[in-house]
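Analysis of the macromolecular model
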Amino acid sequence: MLSRSVKLSLRFILPLAILLCLFAYIVVPLMDKLTLRWSLRDLDNRSQLLATTLQVPLREDVLLNDSAHIKRLFDGAIEDERLFALGFCDASGKLLYKTYTYPTSLGCWNPPADGTARKSLVQLPRGPVHVAETPIMDAGSELGRLILVHDMSFIERRSAETTKYVLGFFALLAVAIAFLTLLVSHLSWRGWLASLNDVLRGQLIPRATAKPDPDAPPPPPEMEPLIGELRSLLEEYHQERQHSDGGSYVGNGSDWAPEKLKALLQQDLAGDQVLVVSNREPYIHEKAADGTVKVRRPASGLVTAVEAVMRACSGTWIAHGAGSADRETVDKNDHVPVPPKNPSYTLRRVWLTEEEEKGYYYGFANEGLWPLCHIAHVRPVFRSSDWEEYVKVNRRFADAVIKEARTDNPVVLVQDYHFALLPRMVREALPKATIITFWHIPWPNSESFGICPWREEILEGMLGSTILGFHTPFHRKNFLDTVDRYLETRIEPEASTISYGNELTQVEDYPISIAWPDYPDTVPVDVCRTEIRQILGVPQDHLLAFGVDRLDYTKGILERFQAVDRMLEMHPAMVGKFSFVQIAAPSRSDLEEYMNFEQRVRKLADKINDRYGKDGYLPIILKIEHHDQNELQRYFRASEVCMVTSLHDGMNLVAKEFIAARDDEHGALVLSQFTGAARELHEALIINPYHIEQGAEALYRGLTMPSVEQVERMRSMRDRVRRFNVYRWAGHMLLDAARLRKREKVMQKIRAHSRTNLRRVG
Ligand code: F6P
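Residues numbered from 1 in each chain as written. Predicted model: local features only at pLDDT ≥ 70, side-chain atom pairs only at ≥ 80, totals over all residues. Heavy atoms only, no water.

Strand order in the open sheet formed by 5 strands is β2-β1-β5-β4-β3, with antiparallel pairing between adjacent strands. Edge positions in the sheet fall to β2 (95-98) and β3 (121-124), since each has one partner strand and no second. Strand-to-strand twist across the sheet, computed as the mean angle between neighbouring axes with direction ignored, equals 30 degrees. As paired elements, strand β1 (residues 83-90) and strand β5 (residues 141-151) share 7 bridges and run antiparallel to each other. Along β5, the bridge assignment pairs Gly-87 with Ile-147. Packed onto the sheet, helix α2 (residues 67-77) meets β1, β2 and β5 and runs at close to 150 degrees relative to β1. (Pairing = 2+ DSSP bridges. Helix = DSSP H or I, 4+ residues; strand = E, 2+ residues; numbered from the N terminus. Axes fitted to C-alpha atoms, helices over the stretch in contact; angles between N-to-C directions. Contact = heavy atoms within 4.5 Å.)

The structure is reproduced here in structure tokens:
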């Protein structure tokens with residue numbers, strides 16, 4: 001059977017061949033005619049020339065009637081291979097002398113009786129000949145006519161040869177055209193496919209309003225219209241999804257809000273119990289030096305987002321009790337109502353031994369999976385002992401979920417890479433549970449993930465989920481590829497589902513977000529500007545850029561400092577007038593990699609400060625300590641620029657928090673292209689954090705951005721973050737879960753019905 005590509009090629013080559021045959025069919029006779037005309041003209045000239053040469057001797061011989069000499073003269077002349085015969089007719093039209101080759105039927109080549117013109121091309125039984133005559137004159141009177149007959153058989157040979165060459169030429173032309181066209185179309189097709197792929201993978205070229213990514217190759221110009229159409233189709237699709245997915249739960253417009261989420265839970269999930277599992281707890285009770293117990297909120301995007309959902313939905317949040325006063329604040333079931341001031345849900349703490357925490361959290365999760373999933377050039381480390389603890393702790397948390405479940409079908413929201421095995425463990429005990437797992441960090445490509453020695457176990461564990469969520473389509477796609485590569489499953493890429501055993505997992509991208517603030521008691525921007533500058537000890541007109549992160553090597557803090565350094569070098573007028581404030585919350589500091597990183601951050605800040613600092617002026621103000629949300633809000637509102645320069649980040653909520661904090665619609669955001677947030681916040685100054693000059697220029701551009709431009713960019717980003725908030729994130733996952741539940745119920749009914757029918761038939 002012909003392969004598809006050969007068939008496609010034939011579809012082009014066959015019409016081309018037919019067309020060229022047609023051409024040849026028309027061209028060959030034309031060429032023949034032309035060749036004949038040239039040859040006749042050629043023979044006319046030749047005959048003329050010969051006649052001129054023979055004129056004088058022939059006249060004398062005719063006058064002398066010297067037939068012997070005429071014969072010699074004629075025989076000598078026809079030794080020429082083309083000249084076939086000669087004849088001489090007298091004035092009365094009588095053939096007096098001729099060569100033996102002279103065709104008798106030709107006679108004196110008199111004009112036809114019908115008065116038509118003679119043709120020099122005469123067909124004889126032996127083949128075509130060319131005939132020409134020249135009068136032989138003597139003293140003004142005509143003695144007779146010399147008739148010259150040329151052989152024309154060479155013309156036939158020449159014509160046959162020409163035909164052969166023309167056909168050969170067309171055949172070669174057909175092959176060359178076909179080859180070149182196929183080559184060019186194949187190359188263009190590959191280019192188009194790659195561009196189309198980029199579009200479908202979500203790599204839409206940046207919008208006109210955003211700073212174009214200088215590293216991204218531009219799409220081929222012929223793809224522009226298609227990209228434009230695809231983009232608007234995708235936008236339409238997203239809009240539609242946004243409106244249709246929650247329309248019936250809102251009374252006041254289409255924005256997702258806590259009430260809408262609650263309504264969804266009650267209507268579609270019949271108020272089912274919600275259980276959240278995460279490693280990090282939302283409230284940490286710690287014993288202060290004076291013996292009092294203080295509550296601290298951890299620096300965690302996950303906690304910020306999920307906490308808002310839990311406040312809206314109530315339920316139970318199961319997490320590791322890591323605070324020094326955690327044990328003394330729980331009841332006998334390890335429960336504590338939170339938020340402490342206005343409880344709306346229950347925090348269930350799980351206790352871990354030091355060894356368990358070391359192996360499961362520091363070891364497998366943060367020395368293994370964390371660097372494995374982030375491209376930040378830190379090598380993952382996998383140890384069997386860590387894996388054993390990881391399995392054990394996942395089992396411990398799964399048991400807690402099972403124990404907390406009041407029904408056999410709770411909604412379980414599993415958070416992050418700490419619990420890859422838990423979904424299957426819960427599924428085995430509670431087959432009817434709706435398990436929604438959200439992976440808050442990137443998912444690497446299948447090859448990179450293959451490094452993990454327990455890759456199959458991790459994938460099997462995750463596929464215990466009903467729904468599996470990632471921040472971006474890239475990570476979702478990487479996951480599907482990974483499963484395809486390492487597990488025997490059935491994947492439906494269009495529906496984005498994976499069937500493994502008898503279970504179906506829906507894999508989707510749900511970009512996480514924040515709860516949009518309602519600003520009842522926000523400190524005015526002017527006040528924040530004044531206070532923060534007073535705290536920092538800088539003049540009131542001092543320009544500030546701000547960054548806040550966990551002290552983690554994935555966040556691009558060193559690259560950010562280098563950009564500050566380069567900016568001051570490129571724009572010396574900024575020295576003394578600008579400072580960069582970095583708040584870095586200590587994180588995972590028991591790990592050597594993190595300890596080293598902290599040293600490098602401190603060292604670089606000192607180096608830059610030594611270089612430019614003078615009379616108390618510091619270009620970099622580094623604060624390695626925890627800050628609460630209120631303090632961070634003030635920094636966000638007081639700064640000209642916020643810098644988010646992660647080397648790789650699932651989403652990065654700092655970027656969205658900055659946008660939400662700027663109700664004055666001012667301030668500029670410098671944002672790494674390697675964050676999930678860059679896919680949504682197109683109006684930020686998008687940079688490649690590895691490119692130091694680019695970071696420096698973006699920082700300078702942000703500090704000097706005209707007010708009108710700031711407002712235009714900020715307004716658009718605020719509108720998006722407000723609409724695409726965390727309730728929408730959770731809402732979409734719950735809506736999908738509700739749909740799957742309904743589908744499962746219908747399928748069960750169908751199965752039960754067919755069993756009954758089968759029994760009846762039996
Ligand atoms: O980014 C991944 C993540 O788990 C976040 O969800 C969270 O904000 C952060 O890491 C917290 O890390 P840790 O709990 O290890 O301090």
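What surrounds the ligand is a group of 13 residues, the closest being Arg-280, Gly-301, Tyr-361, Asp-416 and Arg-588. In the environment of the ligand, an oxygen atom lies 3.2 Å from a nitrogen or oxygen atom belonging to the side chain of Ser-300. Leu-302 places a polar main-chain atom, nitrogen or oxygen, 3.5 Å from an oxygen atom of the ligand. Taken by itself the ligand offers 390 Å² of open surface, and the protein chains cover 90% of this. Broken down by secondary-structure element, the contributors of at least two residues to the shell around the ligand are α6 (301-313) and α7 (354-373). Among the residues making up the shell around the ligand, the classes are represented as 5 nonpolar, 4 polar and 4 charged. (Near = heavy atom within 4 Å. Polar contact = N/O pair within 3.5 Å; in protein donor to acceptor, adjacent residues only side chain to side chain. Areas by Shrake-Rupley, 256 points an atom, 1.4 Å probe, with all protein chains shown as cover. Nonpolar A, V, L, I, M, F, W, Y, C, P; charged D, E, K, R; others polar.)

What follows concerns the packing of aromatic side chains. Counting across every chain of the model gives 27 aromatic pairs. Look at Phe-561 and Phe-580: their rings are 6.2 Å apart centre to centre, the planes differ by 75 degrees, and that puts the pair in the edge-to-face class. In this pair, Phe-561 is assigned in helix α14 (residues 557-570) and Phe-580 in strand β19 (residues 578-585), connecting sequence segments 19 residues apart. Like Phe-580, Phe-561 is buried. Against the face of Trp-109 rests Arg-118, its NZ or CZ located 4.0 Å from the ring centre. Lys-260 extends its terminal NZ or CZ atom over the ring of Trp-256, reaching a point 3.9 Å from the ring centre. (Phe/Tyr/Trp six-rings, centres within 6.5 Å; stacked < 30°, edge-to-face > 60°. Buried < 20%, exposed > 50% of the residue type's maximum accessible area, 1.4 Å probe, protein only. Lys NZ or Arg CZ within 6 Å of the ring centre and 35° of its normal.)

Take it as geometry only, folks, not as evidence of what the structure does.
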